[in-house]
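# Residue-level structural notes
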Amino acid sequence: MSSTNHPLPMNQSEKTELPERIPQHVAIIMDGNGRWAISRGLPRLAGHRAGTENLRRIIEACIEFKIRYLTIYAFSTENWGRPQEEVQGLMRILEDVIDREIQELHDQGVKLRHIGRLDRLDPRLQEKVLQAIEFTKDNNRLTLNVAFNYGGRDEIVCAIQHMLEDGVEAEDVSDELVSQYLFTAGVPDPDIIIRTSGELRGSNFLIWQGAYCEWIFTPTYWPDFDRTELLSALEEFSQRERRYGKIAENQGDLPQHAS
Ligand code: IPE
Ligand code: IPE
Ligand code: MG
């Protein structure tokens with residue numbers, strides 16, 4: 001599907017002044033669903049459902065802002081340690097979202113990818129995820145990477161195992177080669193990682209790919225993180241200077257101090 005014929009999901013782009021530099025790849029740790037629910041006297045799963053509703057709005061905003069890649073952390077390798085009822089509920093939500101949303105995502109030009117391991121999921125759910133990926137594979141407006149049963153360390157372990165299986169020689173191992181063995185192969189590194197809910201940690205998310213990303217933390221719980229907050233994050237990113245270990249461009253020709 002071509003990316004040119006889709007109407008904008010919201011008619012807001014004329015009104016919105018976008019920041020100068022829009023990141024190519026935004027990643028989000030969608031945290032705080034449980035606390036959002038508890039603060040309203042609701043069960044945690046209601047928070048996860050509200051989080052899913054919000055995801056739909058943020059996907060639309062990403063399309064509007066012409067972000068090319070969105071990676072969302074939906075279920076970590078550590079989240080298996082939650083009560084079984086919550087884990088089962090999260091699996092059901094993934095299934096419902098695919099059933100309900102895949103046609104609309106497709107119509108909007110979204111290409112779905114999965115990062116993480118599918119093998120621990122129910123075979124029926126695995127099949128559903130694979131079908132959704134196949135269904136949207138030719139879209140190119142926004143690539144949505146869903147990190148589900150994803151862990152950054154697990155990803156690196158998996159990459160090392162595959163390199164060994166392929167007989168890669170030690171001297172051929174490079175940054176680029178490792179990147180090609182990760183679940184995100186072919187996807188550029190994230191420019192920014194946003195974490196909602198006030199927690200100031202990475203929780204095993206994109207630990208290789210995020211080496212030089214800009215981190216943005218907000219106290220807002222994920223279900224309340226809206227288009228305006230996304231726009232503020234993009235504005236903040238636009239003002240950050242990325243130096244990659246070098247020095248600021250205008251500091252290279254300062255007069256030398258006599259010693
Ligand atoms: C993030 O929200 C979603 C998942 C981890 C699946 P949480 O469920 O972690 O919400 P809090 O952090 O307990 O509020
Ligand atoms: C990270 O959130 C995982 C997801 C958002 C899917 P957690 O709530 O699981 O992380 P911790 O426990 O605060 O580190
Ligand atoms: Mg949490």
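See the structure shown above.
Let me sum up the structure you'll find in this document. (Residues numbered from 1 in each chain as written. Chains lettered and ligands numbered in written order. Predicted model: local features only at pLDDT ≥ 70, side-chain atom pairs only at ≥ 80, totals over all residues. Heavy atoms only, no water.)

## Remarks on the site of ligand 2
Formally: Each residue is tested against the molecule or strand, and it is near if at least one of its non-hydrogen atoms lies within 4 Å. In protein, a polar contact requires one atom able to donate a hydrogen and another able to accept it; more generally it is a pair of N or O atoms within 3.5 Å, and residues adjacent in sequence count only if both atoms are side-chain atoms. Each accessible area value is a Shrake-Rupley result obtained with a 1.4 Å probe; residue values ignore everything except the protein chains displayed when judging cover. We place a 1 Å grid over just the protein atoms. Points where a 1.4 Å probe fits but has no way out form a cavity, open points with protein on both sides within 12 Å along at least 5 of 7 lines form a pocket, and any residue with an atom within 4 Å of a point lines it. Any molecule with more than half of its atoms within 2 Å of a cavity's or pocket's grid points is counted as sitting in it. The nonpolar class holds Ala, Val, Leu, Ile, Met, Phe, Trp, Tyr, Cys and Pro. Asp, Glu, Lys and Arg form the charged class, and all remaining residues, Gly among them, are polar.
Taken together, Ile29, Met30, Asp31, Tyr73, Ala74, Phe75, Asn79, Arg82, Arg195, Arg201 and Ser203 are the residues near ligand 2. At a separation of 2.9 Å, an oxygen atom of ligand 2 approaches a polar side-chain atom of asparagine 79. Arginine 201 has a polar side-chain atom sitting 2.8 Å from an oxygen atom of ligand 2. Coverage of ligand 2 by the protein amounts to 78% of the 390 Å² it exposes when considered alone. Placement of ligand 2 is best described as lying within the largest pocket. When the residues that make up the shell around ligand 2 are grouped by side-chain class, the tally is five nonpolar, two polar and four charged.

## Re the layout of surface pockets
For the record, the criterion: Grid points are joined across faces, edges and corners, and a volume is the space filled by probe spheres set on the points. Secondary structure follows DSSP: runs of H or I at least 4 residues long count as helices, runs of E at least 2 residues long count as strands, and numbering of each begins at the N terminus.
Here the largest pocket is characterised by a volume of approximately 920 Å³. Contributions of two or more residues to the lining of the largest pocket are made by α1 (33-38), α2 (44-64), β2 (69-76), α3 (84-107), β3 (110-115), α4 (123-135) and β4 (142-150). It is α3 that provides the largest number of residues to the lining of the largest pocket, a total of nine residues. Estimated volume of the second largest pocket: approximately 310 Å³. In terms of lining, the second largest pocket is formed by 19 residues, of which the most central are Ser179, Pro188, Asp189, Trp208 and Gln209. Across the lining of the second largest pocket, the residue classes break down as 10 nonpolar, four polar and five charged.

## Here we look at the packing of aromatic side chains
So the rule is basically this: For this analysis, a ring pair means two rings from Phe, Tyr or Trp (six-membered ring only for Trp) whose centres lie within 6.5 Å, classed as stacked if their planes differ by under 30 degrees, edge-to-face if by over 60, and tilted for the remaining angles. Three exposure classes are used, based on accessible area relative to the maximum for each residue type with a 1.4 Å probe and protein chains only: buried under 20%, partly exposed in between, and exposed over 50%.
Per the stated rule, a full pass over the model turns up nine aromatic pairs. Ring centres 6.3 Å apart and planes at 65° place the aromatic pair tyrosine 150 and phenylalanine 183 in the edge-to-face group. Within this pair, whereas tyrosine 150 is found in strand β4, its partner phenylalanine 183 is found in the loop between α6 (175-181) and β5 (192-195), the two being separated by 33 residues in sequence. When its relative accessible area of 0% is taken as the criterion, tyrosine 150 is described as buried. Overall, phenylalanine 183 belongs to the buried group, its relative accessible area being 18%. Joined through ring pairs, the aromatic side chains of Tyr73, Tyr150, Phe183 and Phe205 make up one cluster.

## Considerations on the nonpolar core
Rule in force here: The term nonpolar core refers to a set of buried residues drawn from Ala, Val, Leu, Ile, Met, Phe, Trp, Tyr and Cys, joined through side-chain atoms within 4.5 Å. Two residues qualify as a contact provided that any one of their heavy atoms is within 4.5 Å of a heavy atom in the partner residue.
The biggest cluster of nonpolar side chains holds 43 residues, and the ones touching the most others in it are Ile59, Leu70 and Ile194. Sorting elements by how many residues they give to this core places α3 first, with seven residues. Discounting chain neighbours no more than four positions away, the residues touching isoleucine 59 are Leu70, Leu105, Gln108, Val110, Leu142 and Leu144. Ala27, Tyr73, Phe205 and Cys213 belong to the second-largest nonpolar core, a separate cluster that totals 12 residues.

## A short note on the side chain of serine 197
Looking at the secondary structure, you find serine 197 in the loop between β5 and β6 (214-217). A distance of 3.0 Å separates a polar atom in the side chain of serine 197 from a polar atom in the side chain of aspartate 31. Look past the residues within four positions of serine 197 in its chain and what remains in contact with it is Asp31, Gly32, Arg35, Thr218, Pro219, Thr220 and Tyr221.

## What to know about the pattern of salt bridges
Between side chains of opposite charge, a pair can form as their charged atoms come close. Going by this rule: What makes a salt bridge here is a side-chain nitrogen of Lys or Arg within 4 Å of a carboxyl oxygen of Asp or Glu, nothing more.
The final tally for this structure, using the stated rule, is 23 salt bridges. Residues arginine 56 and glutamate 53 are paired through a salt bridge, measuring 3.7 Å at the closest nitrogen-oxygen approach. With arginine 56 and glutamate 53 both in helix α2 and three residues apart, the pair spans about one turn of that helix. For arginine 56, a relative accessible area of 31% gives the class partly exposed. A relative accessible area of 33% means that glutamate 53 is categorised as partly exposed. Among the ionic pairs, arginine 227 bridges to glutamate 64, the shortest N-O distance being 2.8 Å.

## Considerations on the packing of α3 against α4
Basically, it comes down to this: With axes taken as lines fitted to C-alpha atoms, and helix axes fitted only over the stretch in contact, angles between N-to-C directions fall between 0 and 180 degrees. Working rule for angles: under 35 degrees goes down as roughly parallel, over 145 as roughly antiparallel, 65 to 115 as roughly perpendicular, anything else as oblique. Handedness of a crossing follows from how the near helix is turned relative to the far one, being left-handed for an anticlockwise turn of less than a right angle and right-handed for a clockwise one.
Look at α3 against α4: their axes get within 10 Å of each other, and the N-to-C directions meet at 20°. Viewed along their axes, α3 and α4 adopt a mutual orientation that is roughly parallel. Crossing hand, α3 versus α4: left-handed. Here Met91, Leu94, Glu95, Ile98, Asp99, Ile102, Gln103 and His106 of α3 come into contact with α4, specifically with Arg124, Leu125, Lys128, Val129, Ala132 and Phe135. The residue makeup of the contact of α3 with α4, split by class, is eight nonpolar, two polar and four charged.

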